[in-house]
Amino acid sequence: MTAQIALAWALVGLAATLVLAALSGRIGRDRAAAWLVVLGLVMLALEEPLLTLFWSVAGPGADRDGMATLVTELARAHVLDSAAMAAGLLVLLGWIALTAFRRGERWAVAVMTTAWAVVAAIVVTTTLAVHGRGLPVGPGSGFGWEQLGVGLLAWFAGLWVKRQASMRPCSVSSQ
């Protein structure tokens with residue numbers, strides 16, 4: 001049942017990504033780009049730091065991956081801190097996306113592009129080396145790649161749409 005919910009959530013995210021990308025010319029490329037990035041960040045936040053936060057407070061009786069009673073308090077504190085900091089960082093990136101990135105400020109575009117590359121590298125590395133997340137790669141099985149894939153895709157689509165917006169020809173009126 002959980003796998004079906006995860007897949008449905010990923011499909012909703014994918015549909016929203018496709019709609020935003022398709023309508024980017026109509027609603028404004030800068031606006032669509034910002035919201036695509038935010039959509040990607042939300043998908044990633046729900047699958048990574050917020051899920052980790054839940055697992056750090058839940059025991060195995062509440063969820064098979066719950067670790068609250070399986071690790072020391074020190075380890076649990078570190079997991080809670082890391083999850084909260086990662087979630088906070090994603091919120092900050094979302095704020096940047098809706099403000100400076102949307103306005104096309106170079107530093108914000110560079111930050112969003114670099115952050116995407118770092119997050120993508122981390123996800124690929126953990127998928128290959130730690131848990132395959134349902135893909136036929138790396139150790140472990142299960143699910144979870146769908147949400148991560150859609151999150152990265154939406155974020156990347158936002159970067160792509162933003163690039164297209166910056167490449168559009170400027171109209172010069174003759175007087």
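Conventions adopted
- Residues numbered from 1 in each chain as written.
- Predicted model: local features only at pLDDT ≥ 70, side-chain atom pairs only at ≥ 80, totals over all residues.
- Heavy atoms only, no water.
- Helix = DSSP H or I, 4+ residues; strand = E, 2+ residues; numbered from the N terminus.
- Buried < 20%, exposed > 50% of the residue type's maximum accessible area, 1.4 Å probe, protein only.
- Contact = heavy atoms within 4.5 Å.
- Phe/Tyr/Trp six-rings, centres within 6.5 Å; stacked < 30°, edge-to-face > 60°.
- Lys NZ or Arg CZ within 6 Å of the ring centre and 35° of its normal.
- Core = buried A, V, L, I, M, F, W, Y, C linked by side-chain atoms within 4.5 Å.

Any chance you could explain the side chain of Ser-24 here in plain terms?
The topology assignment puts Ser-24 in helix α2 (residues 24-27). Ser-24 sits in the buried class, given a relative accessible area of 3%. Among all residues touching Ser-24, those that are not within four sequence positions of it are Arg-29, Ala-32 and Val-161.

What's the story with the packing of aromatic side chains in this structure? I'm lost.
Ring pairs (aromatic) are described by centroid distance and by the angle formed between their planes. Within this structure, the stated rule accounts for one aromatic pair. Consider the rings of Trp-116 and Phe-156, whose centres lie 5.4 Å apart with planes at 50°: the pair is tilted. One end of the pair, Trp-116, is in helix α6 (residues 106-129); the other, Phe-156, is in helix α7 (residues 145-167), and 40 residues separate them in sequence. Judged by its relative accessible area of 22%, Trp-116 is partly exposed. Taking the relative accessible area as the measure of exposure, Phe-156 reaches 38% and is therefore partly exposed. When the ring centre of Phe-101 is taken as origin, the NZ or CZ atom of Lys-162, which lies over that ring, is 5.4 Å away.

How do you make sense of the nonpolar core when you look at a structure like this?
Buried together is how nonpolar side chains tend to be arranged in soluble globular proteins. Counting residues in each nonpolar core, the largest one holds 31 residues, and the members touching the most others are Val-37, Leu-41, Leu-93, Ala-97, Phe-101, Met-112 and Trp-155. Of all the secondary structure elements, the ones that give two or more residues to this core are α1 (2-22), α3 (29-47), α5 (73-103), α6 and α7. With sequence-adjacent residues up to four places away left out, Phe-101 is seen in contact with Ala-33, Ala-34, Val-37, Ile-96, Ala-108, Val-109, Met-112, Gly-158, Leu-159 and Lys-162.

What am I meant to see in the environment of Leu-18 here?
For Leu-18, the location among the structural elements is in helix α1. Residue classification places Leu-18 among the exposed positions, given a relative accessible area of 54%. With 136 residues separating them along the chain, Leu-18 and Ala-154 place their C-alpha atoms 8.5 Å apart.

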